[in-house]
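Letter by letter, the chains look like this.
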Amino acid sequence: MDYKSIENFEEGIIIKDVVNFKPKDIFECGQCFRWDKQPNGNYIGVAYGRVIEVEKRENDIIIYNTNLEDFNTIWHNYFDLGRDYSKIKANLSKDPLLKKAVEFGEGIRLLQQEPFEILISFIISANNRIPMIKRAINKICEKWGEPIEYKEKEYYSFPTIESFHSATLEELQLCSLGFRAKYIKDTIDKVYNNKQNNVTPCFDTGLDWIKGLDSDKCQKELKKFNGVGPKVADCIMLFSMEKYSSFPVDVWVKRAMQHFYLAPDVSLPKIREFAINKFGSLSGFAQQYLFYYARENNIKI
Ligand code: 8HG
């Protein structure tokens, strides 16, 4: 475990003596879209229908606007705090090339996010830039999510499938989704119908049964959604379904892999195969250190 103890205080909780936890690395490494840096350096974000604020103070992490119960039922898993990242980093750093990327992103943790939110978010991510992805998701949340007030400002939860299901194609087209609006509409209908027809017993999102499958079957089911190809499926599996051997290859990861390991003309599936052979069950972690390193350093090949 990567922390010593938890204390509560009036405004939230304090996680004492946390290691491998840097807010910038976690929230800006590409895995999430609903966290924003504040003028004081803290990050405010929305997840699981709540707004929280995260501050790093020396060896501790302070989470404002929460309590011990939510820490135990939500945030402990969300921040993947039960996992020993020192061990993962030591393992990956045996490779002198990857060591550089691991040192750069030393405070990364892979968030365990909500499958429905991540399914929609990564359909939006296809051929898109992160600021545009964030803008589209914000529009969706403002229209179909629930308002949550924090520090006199309105934030919005990610919509539930029940609420989002009322969206028409015309309304979605007003959310900066471009050609992806149609995919989102089809995906919402499919998730909703699965849930109504009780393909999925009584779960929240209608996607938990997919999360329960092994990696290959999980990817196969995800690719049945419109707008989900292999790369998007790998992101959904890694960021919301605990499939840590996924290795999503986008343009940054491709550049990083070419920069460190491969000839410049290698295809995306070949890069993915090479990486999974090399990093095995730690592929997803390796991918995140590489993505962050490549994007923040704007590496070219
Ligand atoms: O964390 C990510 N990993 C990979 N491989 N791709 C990502 C991540 N986050 C993210 O937004 N992307 C995609 O990269 C979406 C978009 O196509 C591009 C933005 O740089």
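See the structure above.
This text gives an overview of the structure that appears in the document. Note that this is a predicted model, so its numbers are computed, not measured. (Residues numbered from 1 in each chain as written. Predicted model: local features only at pLDDT ≥ 70, side-chain atom pairs only at ≥ 80, totals over all residues. Heavy atoms only, no water.)

Relative to the elements of secondary structure, Val249 occurs in the loop between helix H12 (230–240) and helix H13 (251–260). Judged by its relative accessible area of 6%, Val249 falls in the buried class. Between the C-alpha atoms of Val249 and Pro230, which are 19 residues apart in sequence, the distance is 9.0 Å. Discounting residues that sit within four places of it in the chain, Val249 has contacts with Lys231, Lys254, Leu268, Ile271 and Arg272. (Helix = DSSP H or I, 4+ residues; strand = E, 2+ residues; numbered from the N terminus. Buried < 20%, exposed > 50% of the residue type's maximum accessible area, 1.4 Å probe, protein only. Contact = heavy atoms within 4.5 Å.)

The next subject is the pattern of salt bridges. Close approach of charged atoms allows side chains of opposite charge to pair. For the structure shown, the criterion picks out 21 salt bridges. With a closest N to O distance of 2.7 Å, Asp234 and Arg272 form a salt bridge. Residue Asp234 is located in helix H12, and its partner Arg272 is located in helix H14 (residues 268–279); the two are separated by 38 residues in the primary sequence. The class for Asp234 is buried, based on a relative accessible area of 1%. (Salt bridge = Lys/Arg side-chain N within 4 Å of Asp/Glu carboxyl O.)

The next point concerns the pairing of strand E8 (residues 153–156). Pairing analysis gives four bridges linking strand E7 (residues 147–150) to E8, with the strands arranged antiparallel. Paired with Pro147 across the two strands is Tyr156, which belongs to E8. Two successive antiparallel strands, E7 and E8, enclose a turn made up of two residues, where Lys151 displays a positive phi of approximately 50°. (Pairing = 2+ DSSP bridges.)

Taking 1.5 Å of rise per residue, 17 residues should cover 24 Å, and helix H9 (residues 180–196) covers 24 Å from first to last C-alpha, within 8% of that figure. Every buried residue of H9 is accounted for by Arg180, Ala181, Ile184, Lys185, Thr187, Ile188, Val191, Asn194 and Lys195. Packing partners of the buried residues in H9 comprise helix H5 (115–125), helix H7 (161–164), helix H8 (169–173) and helix H10 (208–211). (Expected span 1.5 Å × (residues − 1).)

Let us now look at the environment of Ser215. Looking at the secondary structure, you find Ser215 in helix H11 (residues 215–222). Separated by 31 residues in the primary sequence, Ser215 and Ser246 have C-alpha atoms spaced 8.0 Å apart. In this structure, Ser215 is in contact with Met237, Lys243 and Ser245, ignoring residues within four places of it in sequence.

With that settled, consider the site of the ligand. What surrounds the ligand is a group of 15 residues, the closest being Gly30, Ser125, Pro248, Gln287 and Gln288. Take Ser125: an N or O atom from its main chain is 3.1 Å from an oxygen atom of the ligand. A distance of 3.4 Å separates an oxygen atom of the ligand from a polar atom in the side chain of Trp252. Burial of the ligand by the protein chains amounts to 93% of its free accessible area of 420 Å². Looking at the shell around the ligand element by element, the count peaks at three residues for helix H15 (residues 283–296). Of the residues assigned to the shell around the ligand, the class counts are eight nonpolar, five polar and two charged. (Near = heavy atom within 4 Å. Polar contact = N/O pair within 3.5 Å; in protein donor to acceptor, adjacent residues only side chain to side chain. Areas by Shrake-Rupley, 256 points an atom, 1.4 Å probe, with all protein chains shown as cover. Nonpolar A, V, L, I, M, F, W, Y, C, P; charged D, E, K, R; others polar.)

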